[in-house]
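Read off the chains here:
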Amino acid sequence: MNILKIFSRNKKATWDDITLEKFYQLNGLGNDPNIYDVIDIVYGIKSREIPVSDLYKYSVGFLNKECPRRSIKSHYTLNGVKYNANFDITKITTAQFVDFRNYSINGAKIEDVLSVCLIPEGHSYNDGYDIIKLKVDCLQMPITDAQTISFFFINQLFVLLESIQSSLLRNMEEIPETQQLMDQFKDLDLPSSILSQFC
């Protein structure tokens, strides 16, 4: 008997069973997906080949609910590799910030954001490990964790950018010659311009 069928009989799928890769596949189905295609992705089966009387066992109703957010962890294990999570935005390296900014300009995917936050144990950022492998590993992360990490990191970056902008404005107010430049800078919503790349 197929192990996937045993799994699906004993446990209904939840958002925690949807990997980032499956999430992309589900999104690729469009706004009015065929239920068979949805079941195939969620359960990893060929639903058109099972008896109609067994279809009720493959519930996908959870997809109509919002994907829940989870608690942030200090590390994540993906494909047997332990990754430390770097969420202290004040301690990210310039390389991490530049990579994050480049990803945001080029239409970042969730695995891009994750690759800035997750670092294999025993390594420093982008030093001695394959970032492409990390992104591929991230595709196997539950969407609940991937979404939580991405939103948390982006929110932390947003707060940091607001703080930097406020600090620069305070410093500029002390120099009379910079009044015109300061007025232009106040109108620039730097945090929102970066955040808009992800929303």
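Just so it is clear, the model here is predicted, and its values are computed rather than measured. (Residues numbered from 1 in each chain as written. Predicted model: local features only at pLDDT ≥ 70, side-chain atom pairs only at ≥ 80, totals over all residues. Heavy atoms only, no water.)

A. Main features of the overall build of the protein chain. Tallying secondary structure elements over the protein chain gives nine helices and three strands in all. Traced from its N-terminal end to its C-terminal end, the protein chain shows the element sequence α-α-α-β-β-α-α-β-α-α-α-α. Classification of the 199 residues of the protein chain by burial places 37% in the buried group. Restricting the contact set of the protein chain to residue pairs at least 6 apart, pairs at least 24 apart contribute 65%. Of the roughly 11,700 Å² of accessible surface on the protein chain, 53% is carried by carbon and sulfur atoms. (Helix = DSSP H or I, 4+ residues; strand = E, 2+ residues; numbered from the N terminus. Buried < 20%, exposed > 50% of the residue type's maximum accessible area, 1.4 Å probe, protein only. Contact = heavy atoms within 4.5 Å. Areas by Shrake-Rupley, 256 points an atom, 1.4 Å probe, with all protein chains shown as cover.)

B. Examining helix H5 (residues 110-117) more closely. The buried fraction of H5 amounts to seven of the eight residues, a majority that puts the element mostly inside the structure. Inspection of H5 places Glu111, Asp112, Val113, Leu114, Ser115, Val116 and Cys117 among the buried residues, and these make up the whole buried set.

C. The side chain of Lys135, seen in detail. Looking at the secondary structure, you find Lys135 in helix H6 (residues 131-138). In terms of polar contacts, Lys135 uses its side chain to reach the side chain of Asp112, at 3.1 Å. Leave out the neighbours within four places in its chain, and Lys135 touches Tyr103, Glu111, Asp112 and Ser115. (Polar contact = N/O pair within 3.5 Å; in protein donor to acceptor, adjacent residues only side chain to side chain.)

D. Representation of the pairing of strand S2 (residues 81-85) in the model. Pairing between strand S1 (residues 75-78) and S2: four bridges, direction antiparallel. Each bridged residue has a counterpart across the sheet, and for Thr77 the counterpart in S2 is Lys82. Of the pairings in the sheet, the one linking S2 to strand S3 (residues 118-120) comprises three bridges and is antiparallel in character. Within S3, the residue paired with Tyr83 across the bridge is Pro120. (Pairing = 2+ DSSP bridges.)

E. Focus on the packing of H5 against H6. Relative to each other, H5 and H6 sit at 120 degrees, their axes nearing to 9 Å. Considering the angle they form, H5 stands oblique to H6. In terms of crossing hand, the pair formed by H5 and H6 is right-handed. Packed against H5, whose contacting residues are Glu111, Asp112, Leu114 and Ser115, the element H6 presents Ile131, Leu134, Lys135 and Cys138 at the interface. Considering only residue class, the contact of H5 with H6 consists of four nonpolar, one polar and three charged. (Axes fitted to C-alpha atoms, helices over the stretch in contact; angles between N-to-C directions. Parallel < 35°, antiparallel > 145°, perpendicular 65-115°, else oblique. Left-handed = near helix turned anticlockwise from the far one by under 90°. Nonpolar A, V, L, I, M, F, W, Y, C, P; charged D, E, K, R; others polar.)

F. Spotlight on the pattern of salt bridges. Here the structure, examined in full by the defined rule, presents eight salt bridges. The partner of Arg70 in a salt bridge is Asp16, with the nearest N and O atoms 2.8 Å apart. Of this pair, Arg70 sits in the loop between helix H3 (35-43) and S1 while Asp16 sits in the loop between helix H1 (3-10) and helix H2 (20-27), and the two are 54 residues apart along the sequence. In this structure, Lys135 engages Asp112 in a salt bridge whose closest nitrogen and oxygen atoms are separated by 3.1 Å. Here Lys135, found in helix H6, pairs with Asp112, found in helix H5; they are 23 residues apart in sequence, far enough to count as distant. By relative accessible area, which is 16% here, Lys135 ends up buried. What makes Asp112 buried here is its relative accessible area of 12%. Where salt bridges share partners, they join Asp37, Asp40 and Arg48 into one cluster. (Salt bridge = Lys/Arg side-chain N within 4 Å of Asp/Glu carboxyl O.)

G. Spotlight on the sheet that holds S1. Here we have three strands laid out as an open sheet, ordered S1-S2-S3, and antiparallel in their pairing. Either end of the sheet is taken by a strand with one partner, and the two such strands are S1 and S3. With strand direction ignored, the average angle separating the axes of adjacent strands in the sheet is 35 degrees. Each of S1, S2 and S3 is contacted by H6, which is oriented at about 95 degrees to S2, the strand it contacts most.

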